[in-house]
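Breakdown of the fold
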Amino acid sequence: MSDLREDLTRFAPTEAVAAGGGVGGGGGAGVSAAAARRSGGLGVRVGRLFEDYGMAIVFAGICVLFTIWTKGLFIRPDNIVNVLRQISINACIATGMTFVIITGGVDLSVGSVLAVVGIVIAKLLTRLPGFIPVLPAIILSCFVGLVMGGVMGAVSGFTIARFRVPPFVSTLAMMTAARGVAFLLSDGRPVWNLPVQFNFIGRGYVLDKVFGPWIPMPVVIMVVVMGIAHVILAHTQIGRYVYAVGGNEEAARLSGINVGRVKMFTYSLSGVTAALGGIILISRLASGQPGAGESYELYAIAATVLGGTSMSGGKGTMIGTAIGALIMGVLNNGLNLAGVESYSQNVILGAVILGAVLIDKLRKAG
């Protein structure tokens, strides 16, 4: 393993090593960065500060702006809880998307995977309670949905890794096929009559008898999922392999990493997190919708990129993705509270996403 780390540290780009602690721990890069900070002037220090905490500073600035603009309405505790609940689905999907983008890929199928998984779970929930108790039926249905999402992601990952199909093409094909399956299974109609107990996943509160309605279940799911993903990405071997593949795929291959398996893992994970988003969504809507999840892939990509994950791979963190999802949610919520019409909101969101990508490009060029 030590030889592997030496090879990867030598071959991988500096930013990839520095981003996730690197495959070799990034100790040398960290010392060099610290020396640069000490030797640099005020401009260099400000630049480094923005590079390390730029999106967090932007997020804080947006919160202050909307607090002033809405005369304190934005910062009310009930509205903060509402924002967290609104971003929970996007954050879960963006979690898997982060892994994919760090490897240098992209997954356009997550919205359609969410829809077809939602339809399958909804249909199971309308039939299984007649044969088994409700709680086991919910657990079994959710398990089937998560496995189904993982398999669909694995299919995309397999075509990308085995046949070298570009990720954009492979996941676009999966997106189209999955959406068609969702409409075929449901005959184009929503699936209703889900068990009332299932609503807890999307609309329930944890420990509400003790704390009141302040800890939504979707937020708990989001925090747990992102926490686990952070540990995997930053503190496990597979996490280091993900950075290595995105930083320099050929170097990773020469160092003995099974690049195909790493890619299949990331796309399978993306499918699982999309399925999880589907479970939360149909629970919140109390129905399975074949048209659900449209454009969700764009929101997930936007949250990931806003959080500092490089579209060219090799760089990104779960903390950054969480901040990106928060920025998306705060912008939507704040603009609604400020009375900005939805069409203008889309223009502003597009400008923010473009700005984040340009900043990433300029930072690399510098």
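Residues numbered from 1 in each chain as written. Predicted model: local features only at pLDDT ≥ 70, side-chain atom pairs only at ≥ 80, totals over all residues. Heavy atoms only, no water.

**With respect to helix H12 (residues 237-247)**
Burial analysis of H12 places nine of its 11 residues in the buried class, the great majority of the element. Of all the positions in H12, only Gly 239, Arg 240, Tyr 241, Val 242, Tyr 243, Ala 244, Val 245, Gly 246 and Gly 247 are classed as buried. (Buried < 20%, exposed > 50% of the residue type's maximum accessible area, 1.4 Å probe, protein only. Helix = DSSP H or I, 4+ residues; strand = E, 2+ residues; numbered from the N terminus.)

**Notes on a nonpolar patch on the surface**
On the surface, Leu 140, Phe 143, Val 144, Val 147, Val 151 and Val 155 cluster together to form a nonpolar patch covering roughly 490 Å² of accessible area. Mapped onto the elements of the fold, Leu 140 is located in helix H7 (residues 134-163). (Patch = residues over 30% accessible without salt bridge, like charges linked within 9 Å, V, L, I, M, F, W, Y side chains within 5 Å. Areas by Shrake-Rupley, 256 points an atom, 1.4 Å probe, with all protein chains shown as cover. Salt bridge = Lys/Arg side-chain N within 4 Å of Asp/Glu carboxyl O.)

**Points about the packing of helix H11 (residues 217-235) against helix H16 (residues 318-337)**
Close contact between H11 and H16 brings their axes to 9 Å; oriented N to C, the two are set at 145°. Every residue of H16 that contacts H11 at Met 226, Ala 229, His 230 and Leu 233 is listed here: Met 318, Ile 319, Thr 321 and Ala 322. Taken together, the residues that form the contact of H11 with H16 break down as six nonpolar, two polar and no charged. (Axes fitted to C-alpha atoms, helices over the stretch in contact; angles between N-to-C directions. Contact = heavy atoms within 4.5 Å. Nonpolar A, V, L, I, M, F, W, Y, C, P; charged D, E, K, R; others polar.)

**A closer look at the pattern of salt bridges**
As enumerated under the stated definition, the model contains five salt bridges in all. In this structure, the salt-bridge partner of Arg 76 is Asp 78, at a minimum N-O distance of 3.0 Å. The exposure class of Arg 76 is partly exposed, given its relative accessible area of 41%. Among the salt bridges present, the one from Arg 253 reaches Glu 249, with a minimum N-O distance of 2.9 Å. Pair noted here: Arg 253 and Glu 249 are both in helix H13 (residues 249-254), with a separation of four residues, about one helical turn. Under the relative-accessibility criterion, Arg 253 is labelled partly exposed at 33%.

**Some words on the nonpolar core**
It is characteristic of soluble globular proteins that their nonpolar side chains tend to be buried jointly. Of all hydrophobic cores here, the largest spans 81 residues; its most connected members are Phe 198 and Ile 201. Per-element tally for this core: the top contributor is helix H5 (residues 77-102), with 11 residues. (Core = buried A, V, L, I, M, F, W, Y, C linked by side-chain atoms within 4.5 Å.)

**A closer look at the environment of Gly 260**
One can find Gly 260 in helix H14 (residues 259-285). In this structure the C-alpha to C-alpha distance between Gly 260 and Val 245, which are 15 residues apart in sequence, comes to 9.6 Å.

**Brief notes about unusual backbone geometry**
Of note in this structure, Asp 187 is not a glycine but carries a positive phi near 55°. Mapped onto the elements, Asp 187 comes out in the loop between helix H8 (167-186) and helix H9 (199-203). Classification of Asp 187 by relative accessible area gives exposed; the value is 54%. Notably, Ser 295 is not glycine yet its phi reads approximately 70°, a positive angle.

**Thoughts on the environment of Met 328**
Considering the arrangement of structural elements, one finds Met 328 in helix H16. Owing to a relative accessible area of 3%, Met 328 belongs among the buried residues under this scheme. Not counting the four nearest positions on each side in its chain, Met 328 is found in contact with Asn 90, Tyr 299, Ala 302, Ala 303, Leu 306 and Leu 349.

**Concerning the packing of aromatic side chains**
For the coordinates displayed, the defined rule picks out four aromatic pairs. Ring geometry for Phe 66 against Trp 69: centres 5.9 Å apart, planes inclined by 5°, an arrangement best described as stacked. Placement of the pair is Phe 66 and Trp 69 together in helix H4 (residues 42-69), with a separation of three residues, close to one helical turn. Assessed through its relative accessible area of 2%, Phe 66 is described here as buried. For Trp 69, a relative accessible area of 45% puts it in the partly exposed group. Among the aromatic residues, those joined into a cluster by ring pairs are Phe 66, Trp 69 and Phe 74. Positioned over the ring face of Phe 163 is Arg 162, at 5.5 Å from the centre of the ring. (Phe/Tyr/Trp six-rings, centres within 6.5 Å; stacked < 30°, edge-to-face > 60°. Lys NZ or Arg CZ within 6 Å of the ring centre and 35° of its normal.)

**Thoughts on the packing of H11 against H12**
As a packed pair, H11 and H12 sit with axes 5 Å apart at the nearest point and diverge in direction by 70°. By the angle between their directions, the pair H11 and H12 is classed as roughly perpendicular. Contacts between H11 and H12 involve Ile 232, Leu 233 and His 235 on the former and, on the latter, Ile 238, Gly 239, Arg 240, Val 242 and Tyr 243. Here the residues of the contact of H11 with H12 sort into five nonpolar, two polar and one charged. (Parallel < 35°, antiparallel > 145°, perpendicular 65-115°, else oblique.)

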